[in-house]
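The residues making up each chain are set out below.
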Amino acid sequence: MKSEINICWLRRDLRLEDNAALYEALRSPFPVLLLFIFDKNILSKLTDKTDARVTFIHQTLNTLNSRLQKSGSSILTRYGSPEEVWPEILNSYTVKSVYTNHDYEPYARERDDALAEYLRSEQIGFHTFKDQVIFEKNEITKADGKPYTVFTPYFRQWQQKLNEFYVKAYPIEKYAGNFLPLSPQEIPSLFDMGFETSDLDFPKKDFSSKLDLYEDKRDFPAEDATTYLGIHLRFGTLSIREAARAALAQKAEKWLSELAWRDFYMMILWHFPHTVSQSFKPAYDLIKWRNDESEFEAWCQGNTGYPIVDAGMRQLNKTGYMHNRVRMIVASFLTKHLLVDWRWGEAYFAEKLLDYEMASNIGGWQWACGSGNDAAPYFRIFNPELQTKKFDPEFKYIDRWLPAYKQQKHVQPIVEHAFARERVLKVFKEALNE
Ligand SMILES: Cc1cc2nc3c(=O)[nH]c(=O)nc-3n(C[C@H](O)[C@H](O)[C@H](O)COP(=O)(O)OP(=O)(O)OC[C@H]3O[C@@H](n4cnc5c(N)ncnc54)[C@H](O)[C@@H]3O)c2cc1C
């Protein structure tokens, strides 16, 4: 008879420390098999075959596998759609229960609902846990139980509720003896899955030295003053509780509030999944976007003639990262100066950002164009020149990413600021009936 086991299914929690589902699985009476599925439903949509995020996941799994092999276990990795892979797994093992962490994106919710039903029909337990946020879904609500849609009062409650309990690490080490003994398992190669290794550099996980000066310097893109943790929080190579513990220990309140923005947007996506494709404020879907393809292309390539915008887009294209202040400027420029639908920009960021996170990306884009939660009012239009004077006064960031500007070899602006400002005000006013 095959021995009875539990499975812990890793998705965006790729770590062996402080992981809620893994802890609960290991504490159970059955040995635990770790599973990761390279999901064809997701991978088939990626058009860039050198997508760095796939390389990042692949490298991380190899590291986890080597660590597990040292203690006689291994990670089982499959390439396929979950609907194909799960029946195959259940054929090969006698599974008592499946453990996994909550995922709040619409596709993930559907996938997990379908799996729950399938496992139920096979009389197999399915246990899910909060892991990727400090507070999820309905933990921070208004007095009437409805979700907050504005950040400031949400954050007030988030901060009040936060205590040691919510940031405590799950002590997995205590139960590490309960991994299923398993011969070394191979991880499918990137090539087998139709991908190639990316040559992008991935940010390191060291961040504590950044927290002291974060509040003062975070808005200046030439300073190396933010933590670059996005990718690690996205794929769970760092626990959000570890990040929050560091923020509390160092009294880095501003940085902590950025982690709360992340929770906020995940909560919004959970309650308002239609915001993936529709504006949070419905009137914004009446805007008559110009959607000029050649101007969009100029924006993508960093050829708008606005140096701060073009430097940002070049940083993104080259490194998979863009500074937050510049994300706000380029998003405002695309939606307001060029009147291109926020969904176009959102999709471009989704393709390029190493730290792409559906909830925060949609939240950020809708904020910038005015259609979202707690958004800047539509008549507040970032002036790229004034933003540069304030946040890159010595043109250090621009020189780094757009050297052609200093050499006076950069293109001329594709639209004049004052003209674009009047135009967007008129178009938005008409749509919003104001
Ligand atoms: C148009 C637009 C699109 C964005 N798209 C994404 C995205 O796809 N993925 C993403 O993680 N962030 C996104 N952001 C938010 C923010 O720009 C990035 O989180 C931040 O720049 C990442 O750099 P960092 O890791 O050095 O951040 P730090 O400033 O060091 O912050 C630490 C962490 O806090 C979280 N965080 C910080 N700011 C925000 C914020 N405003 N909203 C939500 N979470 C935040 C992130 O997880 C970040 O890694 C977007 C912002 C805008 C304006």
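See above for the structure.
Per chain, residue numbering runs from 1 following the sequence as it is written. Residue-level local features of this predicted model are given only where pLDDT is at least 70; pairs of side-chain atoms are given and counted only at 80 or more, and the full residue set underlies all totals for whole chains, interfaces and linings. In computing side-chain values, all of the structure's heavy atoms are included and hydrogens and water are not.

### Digging into the pattern of salt bridges
Let me state the cut-off plainly: Salt bridge, as used here, is a side-chain nitrogen of Lys or Arg placed within 4 Å of a carboxyl oxygen of Asp or Glu. To sort residues, take the accessible area from a 1.4 Å probe on protein chains only and compare it with the maximum for the residue type: under 20% means buried, over 50% means exposed, and anything in between is partly exposed. Comment: elements are numbered from the N terminus, with helices defined as DSSP H or I runs of at least four residues and strands as E runs of at least two.
In total, this model carries 27 salt bridges according to the counting rule given. The shortest N-O distance in the salt bridge between Arg53 and Asp51 comes to 2.8 Å. Summarising the burial analysis for this pair, Arg53 and Asp51 share the class buried. Close ionic contact of Lys210 with Asp224 constitutes a salt bridge, the shortest N to O distance being 3.8 Å. With a gap of 14 residues between them, Lys210 in the loop between helix H7 (164–167) and helix H8 (211–217) and Asp224 in the loop between H8 and helix H9 (230–235) connect regions that are remote in the sequence.

### Observations regarding the pairing of strand S4 (residues 94–101)
Here is the rule: Any two strands with at least two DSSP-identified bridges between them are counted as paired. Handedness is read with the strands pointing away from the viewer; a crossover is right-handed when the path from the first strand over the helix to the second is clockwise.
Within S4, six of the eight residues are buried, leaving the element largely enclosed by the surrounding structure. Examined bridge by bridge, strand S1 (residues 4–10) and S4 share six bridges and lie parallel to one another. Its bridge partner lying in S4, Glu4 is registered against Thr94. Pairing between S4 and strand S5 (residues 125–129): five bridges, direction parallel. Residue pairing in the sheet places Asn101 in a bridge with Phe129 of S5. Viewed along the sheet, the connection from S4 through helix H5 (residues 106–121) into S5 turns out right-handed.

### Comments concerning the site of the ligand
How we decide: Whether a residue is near a molecule or strand is decided by its heavy atoms; if any one of them lies within 4 Å of it, the residue is near. Each polar contact in these results corresponds to two N or O atoms within 3.5 Å; when the atoms are within protein, one needs to be able to donate a hydrogen and the other to accept it, and residues that are neighboring in sequence are counted only if both atoms are side-chain atoms. Values of accessible area rely on a 1.4 Å probe in the Shrake-Rupley scheme; residue burial ignores everything except the protein chains shown. The pocket and cavity definitions rest on a 1 Å grid over protein atoms only: a 1.4 Å probe that fits but cannot leave marks a cavity, an open set with protein on both sides within 12 Å along at least five of seven lines marks a pocket, and residues lining either have an atom within 4 Å of a point. Throughout, a molecule is located in a cavity or pocket provided that more than half of its atoms lie within 2 Å of its grid points. For this classification, Asp, Glu, Lys and Arg are treated as charged, while Ala, Val, Leu, Ile, Met, Phe, Trp, Tyr, Cys and Pro are nonpolar and the rest, including Gly, are polar. Domain start and stop points were drawn from an automatic or database domain assignment.
What surrounds the ligand is a group of 27 residues, the closest being Tyr214, Thr226, Thr227, Tyr228 and Asn324. For the ligand, an oxygen atom lies 2.6 Å from a polar atom in the side chain of Thr227. Tyr321 is positioned with one of its side-chain polar atoms (N or O) 3.1 Å from an oxygen atom of the ligand. For the ligand, whose free accessible area comes to 810 Å², the fraction covered by protein is 95%. When atoms are counted within 2 Å of each cavity's grid points, the one that captures over half of the ligand is the largest pocket. Mapped by element, the contributors of at least two residues to the shell around the ligand are H9, helix H11 (253–271), helix H14 (324–337) and helix H16 (358–369). Of the residues belonging to the shell around the ligand, the class tally is 15 nonpolar, seven polar and five charged. The two domains that each donate at least three residues to the shell around the ligand are domain 2 (133–169 + 208–271) and domain 3 (276–428).

### Looking at empty space enclosed by the protein
Our working rule: Grid points are joined across faces, edges and corners, and a volume is the space filled by probe spheres set on the points.
Applying the stated criterion across every chain yields a total of four cavities of 30 Å³ or more. The calculated volume of the largest cavity comes to roughly 60 Å³. Lining the largest cavity are Tyr265, Ile268, Leu269, Thr275, Phe280, Ala359, Ile362, Gly363, Gln366 and Asn373. Among the elements of the structure, H11 and H16 are those that each provide at least two residues to the lining of the largest cavity. With four residues, H16 is the single largest residue contributor to the lining of the largest cavity. The residue inventory of the lining of the largest cavity, partitioned by class, reads six nonpolar, four polar and no charged. Counting contributing residues, the lining of the largest cavity receives three or more from each of domain 2 (133–169 + 208–271) and domain 3 (276–428).

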